[in-house]
Amino acid sequence: MFHAAIRPCVRKRSKAASVGGPKHSVKFKEVRLYLVERKMGSSRRSFLTQLARSKGFIVDDHLSDEITHVVSEDSRASSLWAWLKGCGLTNLSKMQVLHISWFTDSMRVGSPAAVENRHLIQDTPPALQEGSAPALAPAPAPAPAASVSQYACQRRTSTDNKNKILTDAFEVLAEYYELSELQSSCLVFRRAASVLKSLPWTVQCIEATQGLPCLGDHTKAIMEEILQSGHSFDVERILSSERYQTLKLFTSMFGVGPKTAEKWYRRGLRSFSDIVAEPSVQLNPMQQSGFLHYGDISRVVTKAEAQALGNIIDQAVRLITSDGVIALTGGFRRGKEVGHDVDFIVTTHEVGKEGCVLRHIIDSFKKQGILLYCDYQASTFHVSKLPCKSFEAMDYYPKCFLILRLEASQVDGGLGCAEGDNRGWRAVRVDLVSPPMDRYAFALLGWTGSTQFDRDLRRFARKERRMILDNHTLYDKTKGRFLTARSEEDIFAHLGLEYVEPWQRNA
Ligand code: CTP
Ligand code: MN
Ligand code: MN
């Protein structure tokens, strides 16, 4: 097949395998081991390599078709097998893929131990990997439960994306469909990108993706094209189209969504100067501020800038109440280095006072002269509205979407601004939300995101548990009652899900 050319993991058997350490005589010529470094770590791996060689075993440093026994400390079958399949081996079906216990048994007896069932790390049949996820109370590693789930809330996704080339392409397509208001096509590519982001290995040939969920024919065709030629014709065409470029430009402005962007595009407008010059276009206050501060707020916010804003909010809250609660949420809570804004929960322990707190904070910003724009939305919360029926609905809490002025002197290491810009300040987008304390855990989970992670938490709750989850509550339809939660851990536990740390929610 044409993939034969792409065999990045497989190397010719290293001549260096036995060079370096002391020479040992080979006792078992028919056995050739490969120790998987993942989970084992490099120092333990070299220790075990030396140990086995001293006992007369052949241990290769590189994976090749000559290996007879693959030994792994990590017994999560699906990720190990997916990785092995991505290595372009032709002899994989003949290899023994074994748990470290086989290795230790062998070392103990000083010869290759007979392979027993308990040693095997078996490949998971695709049928078990795809369909609905098994109902799992936190279970120890073995096969089906450990396979890659179709739900982002059952995967762990750090900010370290090993498949950026592929996910960037999928995100362009997702965005293109979103701008065209084709939500289901958009979701197809968002889900595919999300699965690839969760992989701890890089996809190097299409065979390696066998058994992964959420990858249909269309997504696979695009992946195949990129893996072979480095780019996708469809993606390039979209990126260079006037329509896509214009809609991207318009929606990059604060307060402009796909609908407005499309309307302007249809009127023949193509640039910001076209918009300003067009008498029939009336910018609303949000868009006017977005326009005024475009240069600043279209630039990323750094961690240090987010930290500085946290300090400013903290000071404002202290002046108002000794009862305040502040939490950083959004992308920064997930460990991202930069963001398009900074998101905070700001509230009080005393239920019912949260709306006041937010208004006082806004007043304080105004007095300090740092409030450049404020869209305050009072609470529309009432228990009778729960559980929310509409899936993607915004929550009912008091909240505000702000543009604040941030002084360079307040930021550790200064502002991350453009060269030659010495104004000494920048405008930053900040979102604040104030849930009552008895709803805090639900709000924190919802505002931490990622959007895709939240979407799948809700979908999982609905489809697998007959529960309705939103930013306010969790409702069990079977029992006909609301489930309370004091922490995010409580919510995962109600759903029968293993807890996923915030930095593992970058789905
Ligand atoms: N969110 C929400 N209700 C809103 C606004 C936002 O629940 N009215 C949630 C989003 O679903 C998301 C989180 O708040 O999970 C943060 O949103 P956003 O700032 O848009 O995204 P980030 O993940 O923080 O990404 P970035 O770093 O680009 O800001
Ligand atoms: Mn954010
Ligand atoms: Mn936000």
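Criteria and thresholds
- Residues numbered from 1 in each chain as written.
- Chains lettered and ligands numbered in written order.
- Predicted model: local features only at pLDDT ≥ 70, side-chain atom pairs only at ≥ 80, totals over all residues.
- Heavy atoms only, no water.
- Pairing = 2+ DSSP bridges.
- Helix = DSSP H or I, 4+ residues; strand = E, 2+ residues; numbered from the N terminus.
- Axes fitted to C-alpha atoms, helices over the stretch in contact; angles between N-to-C directions.
- Core = buried A, V, L, I, M, F, W, Y, C linked by side-chain atoms within 4.5 Å.
- Buried < 20%, exposed > 50% of the residue type's maximum accessible area, 1.4 Å probe, protein only.
- Near = heavy atom within 4 Å.
- Polar contact = N/O pair within 3.5 Å; in protein donor to acceptor, adjacent residues only side chain to side chain.
- Areas by Shrake-Rupley, 256 points an atom, 1.4 Å probe, with all protein chains shown as cover.
- Donors = N, O, S within 2.8 Å, 3.2 Å for Na, K, Ca; no water.
- Parallel < 35°, antiparallel > 145°, perpendicular 65-115°, else oblique.
- Left-handed = near helix turned anticlockwise from the far one by under 90°.
- Contact = heavy atoms within 4.5 Å.
- Nonpolar A, V, L, I, M, F, W, Y, C, P; charged D, E, K, R; others polar.
- 1 Å grid on protein atoms, 1.4 Å probe; cavity = no way out; pocket = protein on both sides within 12 Å on 5 of 7 lines; lining within 4 Å.
- Points joined across faces, edges and corners; volume = space filled by probe spheres on them.
- Salt bridge = Lys/Arg side-chain N within 4 Å of Asp/Glu carboxyl O.

Our focus in this paragraph is the sheet that holds strand β2 (residues 58–60). Spatial strand order, β2-β1-β3-β4: 4 strands in an open sheet with parallel pairing. The open sheet terminates on both sides in strands that have one partner only, identified here as β2 and β4 (96–99). Within the sheet, the average angular offset between the axes of one strand and its neighbour, ignoring direction, is 30 degrees. With 3 bridges connecting them, strand β1 (residues 32–35) and β2 associate as parallel partners.

What follows is about the nonpolar core. Within the largest apolar cluster, 59 residues are counted, with the highest numbers of intra-cluster contacts made by Leu63, Val70, Trp83 and Phe170. Only α2 (77–85), α6 (164–179), α7 (183–198), α8 (217–229), α9 (233–239), α10 (242–251), α11 (258–266) and α12 (272–277) provide two or more residues apiece to this core. Broken down by element, the residue count for this core peaks at 8 residues, all from α6. The next biggest cluster of nonpolar side chains, apart from the first, holds 28 residues, and it includes Phe365, Cys400, Leu406 and Leu415.

Near ligand 1 you find 16 residues, and of these Gly331, Lys336, His340, Asp341 and Met394 are the closest. Within the side chain of His340, a nitrogen or oxygen atom sits 2.7 Å from an oxygen atom of ligand 1. One of the side-chain nitrogen or oxygen atoms of Asn471 is found 3.0 Å away from an oxygen atom of ligand 1. Expressed as a share of its isolated accessible area of 590 Å², the protein-covered part of ligand 1 is 78%.

This part covers the coordination of the manganese ion (ligand 3). Only Asp341 (OD), Asp343 (OD) and Asp431 (OD) from the protein coordinate the manganese ion (ligand 3), and they sit 2.1 to 2.3 Å from it. Site description for the manganese ion (ligand 3): donor spacing in sequence, D-x1-D-x87-D. In this structure, the manganese ion (ligand 3) is positioned 3.6 Å from the manganese ion (ligand 2), and both are ligated by Asp341. Of this pair, Asp343 sits in strand β8 (residues 342–348) while Asp431 sits in strand β11 (residues 425–433), and the two are 88 residues apart along the sequence. Here Asp343 falls in the buried class, since its relative accessible area comes to 10%.

Below, the discussion takes up the packing of α6 against α8. Running from amino to carboxyl end, α6 crosses α8 at an angle of 135 degrees, the nearest separation of the two axes being 10 Å. The pairing of α6 with α8 is recorded here as oblique in orientation. Pair α6 / α8 crosses with right-handed handedness. Note on element contacts: α8 touches α6 through His218, Thr219, Ile222, Met223 and Ile226, opposite Ile165, Leu166, Ala169, Phe170, Leu173 and Tyr177. Taken together, the residues of the contact of α6 with α8 sort by class into 9 nonpolar, 2 polar and no charged.

Let us look at empty space enclosed by the protein. Under the definition given, this model contains 2 cavities of 30 Å³ or more. Around the largest cavity sit Phe442, Leu445, Gly446, Asp454, Leu457, Arg458, Leu469, Asp470 and Asn471, which together line it. Of all the secondary-structure elements, those providing two or more residues to the lining of the largest cavity are α18 (440–448) and α19 (451–465). Along the lines of polarity and charge, the residues of the lining of the largest cavity split into 4 nonpolar, 2 polar and 3 charged.

For the structure on display, the rule yields 34 salt bridges. Across the salt bridge formed by Glu116 and Arg118, the nearest N and O atoms sit 2.9 Å from each other. Look at Arg118 and you get exposed, because its relative accessible area is 52%. Between Asp456 and Arg459 there is a salt bridge; the shortest N-O distance is 3.2 Å. With Asp456 and Arg459 both in helix α19 and 3 residues apart, this pair spans about one turn of that helix. This pair shows no difference in class: Asp456 is buried, exactly as Arg459 is. Each of the salt bridges in this network shares a partner with another, and the network as a whole consists of Asp105, Arg108, Glu116 and Arg118.

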